[in-house]
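# Report on the structure
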Amino acid sequence: MKKIKLDIVGLSYSQTQSGAYALVLGEVNGNRRLPIIIGGFEAQAIAVEIEKMVPSRPLTHDLFKSFAETFHISIDEVLIYNLVDGIFFAKIICTNGNETHEIDARTSDAVALAVRFDCPIYTYDFIMSSAGIVMENNDLAFLENINAVTTGESQEEEPAEKSSSPKETSPYAALSMEQLESTLQKAIANEQYEVAAKIRDEIEKRKSSL
């Protein structure tokens with residue numbers, strides 16, 4: 001399958017899930033965005049590296065990098081390879097120069113390591129098609145609240161990254177299709193990607209039931 005390269009284009013407080021953060025990955029040279037809900041610890045680890053801040057003591061992902069470099073191991077790429085029941089699956093492709101290995105990882109941890117090793121992040125088209133949001137233009141989302149993320153005290157770790165597909169009854173179930181489409185466009189225009197993903201899921205659910 002053809003791989004799609006992604007960049008980090010957004011990182012902010014989750015608008016729908018208390019104590020969580022929304023990581024938004026954008027398709028390079030494309031107009032699709034992939035919102036992923038992650039825990040506070042991983043969000044802080046990503047934001048600290050993006051801002052090139054140096055903590056007083058190494059964070060877990062910094063320790064992993066130091067450990068890997070000590071034994072001459074590097075990460076070539078991170079691949080988000082599957083999406084099952086709203087959970088993203090990722091793997092780290094690493095090498096010691098002679099052998100290449102694939103290591104299973106949570107997407108948030110994989111991205112936190114990707115920014116430290118300056119390696120590319122990829123996914124497949126079927127994941128972007130099922131969980132991505134199509135933008136009408138190529139404007140990037142800014143790293144909102146990134147200062148709050150880097151200084152946040154939340155160390156709670158989410159058990160897994162989930163797409164924004166809700167398990168419970170959608171709060172948009174009472175809206176008509178026309179209202180849903182209008183609300184979706186407004187959410188995208190305001191760069192509210194997580195909200196847009198929920199609205200998109202409600203639209204797709206109704207279309208599939210027709």
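Residues numbered from 1 in each chain as written. Predicted model: local features only at pLDDT ≥ 70, side-chain atom pairs only at ≥ 80, totals over all residues. Heavy atoms only, no water.

Naming follows an unreviewed UniProt entry, where the protein appears as Bifunctional nuclease family protein of Sphingobacterium thermophilum.

Sheet architecture is open: eight strands sit in the order β6-β5-β4-β7-β1-β2-β3-β8, paired in mixed fashion. The open sheet is flanked by β6 (100-105) and β8 (133-134), the only strands paired with a single partner. Note that strand β4 (residues 74-84) and strand β7 (residues 121-124) share three bridges and pair parallel. What sits directly across from Val78, in β7, is Ile121. (Pairing = 2+ DSSP bridges. Helix = DSSP H or I, 4+ residues; strand = E, 2+ residues; numbered from the N terminus.)

Of all seven residues making up strand β2 (residues 21-27), seven are buried, and the element is well covered by its neighbours. Residues of β2 alternate between two faces, with Tyr21, Leu23, Leu25 and Glu27 on one and Ala22, Val24 and Gly26 on the opposite face, all of them buried. By the bridge criterion, six bridges tie β2 to strand β3 (residues 32-38) in an arrangement that is antiparallel. Looking at the pairing, Ala22 lines up with Ile37 of β3. If you look at the hairpin formed by β2 and β3, you'll find four residues sitting between the two strands, and Asn29 has a positive phi there, around 60°. (Buried < 20%, exposed > 50% of the residue type's maximum accessible area, 1.4 Å probe, protein only.)

The next point concerns the packing of helix α1 (residues 40-50) against helix α3 (residues 107-117). Where α1 meets α3, the axes come as close as 9 Å, and the angle between the chain directions of the two elements is 15°. Between α1 and α3, the angle falls in the class roughly parallel. Crossing of α1 against α3: the hand is left-handed. Note on element contacts: α3 touches α1 through Ser108, Asp109, Val111, Ala112, Val115 and Arg116, opposite Glu42, Ala45, Ile46 and Glu49. A class-by-class count of the residues in the contact of α1 with α3 yields five nonpolar, one polar and four charged. (Axes fitted to C-alpha atoms, helices over the stretch in contact; angles between N-to-C directions. Parallel < 35°, antiparallel > 145°, perpendicular 65-115°, else oblique. Left-handed = near helix turned anticlockwise from the far one by under 90°. Contact = heavy atoms within 4.5 Å. Nonpolar A, V, L, I, M, F, W, Y, C, P; charged D, E, K, R; others polar.)

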